[in-house]
Amino acid sequence: MINRQLLLTYLYLLVYILLSSGVILYNKWVLSPKYFNFPFPITLTMIHMGFSGMVAFFLVRVLKVVSPVKMTFEIYATCVIPISAFFASSLWFGNTAYLFISVAFIQMLKALMPVATFLMAVICGTDKLRCDVFLNMVVVSVGVVVSSYGEIHFNVVGTVYQVTGIFAEALRLVLTQVLLQKKGLTLNPITSLYYIAPCSFVFLFVPWCLLEKPGMEVSQIQFNFWIFFSNALCALALNFSIFLAIGRTGAVTIRVAGVLKDWILIALSTIIFPESTITRLNIIGYAVALCGVVMYNYLKVKDVRASQLPVESLPERADLGIEKKSSDLYVPDDTNSSASGWNSTASDIMVDEEAPLIPSSRVSHLGRSQLGSHSE
């Protein structure tokens, strides 16, 4: 008989995979001129941020599910604002890419996330340049280049938008570590949305006024309340599903689930959007890139395990007669700072861009051969 807890774990992973894939495909369907025809990615992102901020406000201030942290003006100005700015930029650029390139090709480009994060971390001094990791980054980059070369409907504008969004997200992760870790600020998924979503909304308002508002003639817009409400609700649900899945399984399992999700998403996108065509060169290039990502993940897990004290070296355990557990040797959530910056090393994080934020102390070594902006 299958253990009930094991079934619950698989259920969380299934929900994460379904929501993550669903939000990406939903965003593509809403934004694509061939389908729902709402070609305003900044507006869609603002809807997500506004909805997430309102839900977080209701949970914090009305229901008082969690208490707000002690947020000073200095912390808000020096940490929350710059992080929100890059977060808003990553969502903006990532969602705009849906207008120009296919979901399948976007997922292939997202394999560059560890490369971008590692480079930003080295430049900012939060990580060291290592030959083994650098070689993995070269393998990933070569794979993405090969995949791009094999893309039939290659679009320079869309590719630039997506890659720019990836580097904006990478810089946000590094800033998260540098700024928030120094302040010792700890946020949970609700309080992170409470502080960062409204600020991101404000930053998006400026480019929206300049780029989208002039072209938004009411007579030409399909505004269906239930479409946008369900879309924003899915994005919010994804954020929490990632938090629950990581807390239930651990980062390594989420990495594997993320890789599986990407392949499923690529296959589904070609069925739902027939105009998406995958070539043999696409698959070969993406497979090479994933090999580099898998090796990168392996090295990171190996580093974390090496940094943990062996159980035998903890005499107090023996004295107390506590049973040894595998989790005593590898506890990924307490060593570094997370996607929203709450306890993880920036170069170890690859965030799912489909979710507004994925803050939690357990997301420290979450991989995005997956999360992730996503775009939102």
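Just so we're clear, the structure is a prediction, and the values are computed from it rather than from any experiment. (Residues numbered from 1 in each chain as written. Predicted model: local features only at pLDDT ≥ 70, side-chain atom pairs only at ≥ 80, totals over all residues. Heavy atoms only, no water.)

### Overview of the nonpolar core
Val30, Phe38, Val103, Val140, Val144 and Leu204 are the most contacted members of the largest nonpolar core, which has 78 residues in total. Per element, the largest residue contribution to this core is 10 residues, and it comes from helix α3 (residues 73–97). Within the second largest apolar cluster, 11 residues are counted, among which are Ile17, Val23, Ala245 and Ile254. (Core = buried A, V, L, I, M, F, W, Y, C linked by side-chain atoms within 4.5 Å. Buried < 20%, exposed > 50% of the residue type's maximum accessible area, 1.4 Å probe, protein only. Helix = DSSP H or I, 4+ residues; strand = E, 2+ residues; numbered from the N terminus.)

### Topic: the confidence of the model for the chain
Model confidence for the chain is summarised by a mean pLDDT of 79, while 80% of its residues fall at 70 or above. Within the model, the stretch residues 311–353 combines pLDDT values under 50 with 145 contacts to residues more than four positions away or in other chains. Counted against residues more than four places away or in other chains, residues 358–376, with its pLDDT under 50, gives 134 contacts. (pLDDT = per-residue confidence, 0-100. Contact = heavy atoms within 4.5 Å.)

### Description of the packing of aromatic side chains
For the structure on display, the rule yields 19 aromatic pairs. Between Phe38 and Phe228, the ring centres sit 4.8 Å apart and the planes meet at 70 degrees, which makes this aromatic pair edge-to-face. Here Phe38 is found in the loop between α1 (4–31) and α2 (41–62), whereas its partner Phe228 is found in helix α9 (residues 225–249), with 190 residues between them in sequence. With a relative accessible area of 1%, Phe38 lands in the buried category. Among the residues examined, Phe228 registers a relative accessible area of 3% and is labelled buried. Centre to centre, the rings of Phe105 and Phe154 are 6.0 Å apart; their planes meet at 65 degrees, and the pair counts as edge-to-face. (Phe/Tyr/Trp six-rings, centres within 6.5 Å; stacked < 30°, edge-to-face > 60°.)

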